[in-house]
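Spelled out from the first residue to the last, the chains are:
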Amino acid sequence: MRIIAGKLGGRTFEAPRGRTTRPMSEKVRGALFNTLGDIEDLSVLDTFAGSGALSYEAISRGAASALAIEQDKTAHSQILKNLRILQIEDRVKTAKANVSGWSNNNAAKQFDLVLLDPPYNNLDRQLLQKLARHAKKGGLVVLSWPGKEPTPPFEALVQVTNKNHGDIQLVFYRKT
């Protein structure tokens, strides 16, 4: 896999082996960050981080910091290796944790941008709502959602736009 644009554009990293993660394609990742535009100096929460690709791309495009949460041991280990290879350990922190448990233990933590890329075989809307609370007022929440599914409404979030990419749609919300 590779980072698409920014300071680290063109650099490569490894995705975890096996079928426990579903890395977002370069095309969709590019569309996500092109829609976001300038993310200079933003703090980013990358839930269900998998390979960590969204965190790396955010840092490459100027985000101040990112927190990548992943519960799978192999995937988390690969994120740590990638951070060392990309030399961005100082800007991306990781948590090997279940996102629900992490959220319970860090209820007050707030971020400018919250990225939700849940496994499509376990779309828990209540969990996604819980994770969305970590967006600062006026902050953005971006949800990766199956292309054919109706987009979920969330309390205290207003849907800004929806970009359909076939089997995946990106839903952009702003916290009110």
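Here is what the cut-offs are and how they apply
Residues numbered from 1 in each chain as written. Predicted model: local features only at pLDDT ≥ 70, side-chain atom pairs only at ≥ 80, totals over all residues. Heavy atoms only, no water. Pairing = 2+ DSSP bridges. Helix = DSSP H or I, 4+ residues; strand = E, 2+ residues; numbered from the N terminus. Axes fitted to C-alpha atoms, helices over the stretch in contact; angles between N-to-C directions. Contact = heavy atoms within 4.5 Å. Salt bridge = Lys/Arg side-chain N within 4 Å of Asp/Glu carboxyl O. Buried < 20%, exposed > 50% of the residue type's maximum accessible area, 1.4 Å probe, protein only. Phe/Tyr/Trp six-rings, centres within 6.5 Å; stacked < 30°, edge-to-face > 60°. Polar contact = N/O pair within 3.5 Å; in protein donor to acceptor, adjacent residues only side chain to side chain. Parallel < 35°, antiparallel > 145°, perpendicular 65-115°, else oblique. Left-handed = near helix turned anticlockwise from the far one by under 90°. Nonpolar A, V, L, I, M, F, W, Y, C, P; charged D, E, K, R; others polar.

Colleague: Looking at this model, I keep getting lost on the sheet that holds strand β3 (residues 92-96). Mind explaining?
Modeller: Think of a sheet as strands paired side by side through backbone hydrogen bonds, with each pair either parallel or antiparallel. What the 7 strands build is an open sheet, ordered β3-β2-β1-β4-β5-β7-β6; its pairing is mixed. Both edges of this open sheet fall to β3 and β6 (157-165), since each of them pairs with a single strand only. Each strand axis lies, on average, 15° off the axis of its neighbour in the sheet, ignoring direction. Relative to strand β7 (residues 168-175), strand β5 (residues 135-146) is paired through 7 bridges, and the arrangement is antiparallel. Across the sheet, residue P146 finds its bridge partner in β7, namely I168. Here helix α2 (residues 53-60) sits on the sheet and contacts β1 (43-47), β2 (65-70), β3 and β4 (111-116); the angle it forms with β2, its principal contact strand, is near 175°. Set on the sheet, helix α3 (residues 73-86) makes contact with β2 and β3; between it and β3 the angle comes to about 165°.

Colleague: How do you make sense of the pattern of salt bridges when you look at a structure like this?
Modeller: Charged atoms that come close allow side chains of opposite charge to pair. Tallying each qualifying case throughout the model produces 4 salt bridges. For R61, the salt bridge is made with E57, and the minimal N-O distance between the two is 2.9 Å. As far as burial versus exposure is concerned, R61 and E57 are alike and both buried. Here K136 makes a salt bridge to D112, at a shortest N to O gap of 3.5 Å.

Colleague: Any chance you could explain the packing of aromatic side chains here in plain terms?
Modeller: Each aromatic ring pair is specified by the distance between its two centres and by the angle formed by the two planes. Within the structure shown, the criterion is met by 3 aromatic pairs. Taking 6.4 Å as the distance between ring centres and 45° as the angle between the ring planes, the aromatic pair formed by W102 and F111 counts as tilted. Taken individually, W102 and F111 each receive the classification buried, so the pair is uniform in this respect. Measuring from centroid to centroid gives 5.2 Å for F154 and Y173, while their planes differ by 70°, and the two rings are edge-to-face.

Colleague: What is the right way to read the side chain of N82 from this model?
Modeller: If you trace the backbone, N82 turns up in helix α3. At 3.2 Å, the side chain of N82 forms a polar contact with the side chain of Y56. Among residues more than four places away in sequence, those in contact with N82 are F13, E14, S51 and Y56.

Colleague: How do you make sense of unusual backbone geometry when you look at a structure like this?
Modeller: Most peptide bonds take the trans form, and the phi angle of most residues other than glycine is negative. The phi torsion at D41 lies on the positive side, around 70°, for a residue other than glycine. Here D41 is to be found in the loop between α1 (26-36) and β1. Positive phi outside glycine occurs at F48, with the angle close to 50°.

Colleague: Is there a simple way to think about the packing of α1 against α2 in this case?
Modeller: Packed helix pairs are specified by the crossing angle of their axes together with the interaxial distance, meaning the distance between the axes. In the contact formed by α1 and α2, the axes pass within 11 Å of each other and the chain directions differ by 45°. Between α1 and α2, the angle is such that the two are oblique. The element α1 and its partner α2 pack so that their crossing is right-handed. In contact with R29, L32 and F33 of α1, α2 contributes A53, L54, E57 and A58. Of the residues in the contact of α1 with α2, the class split is 5 nonpolar, no polar and 2 charged.

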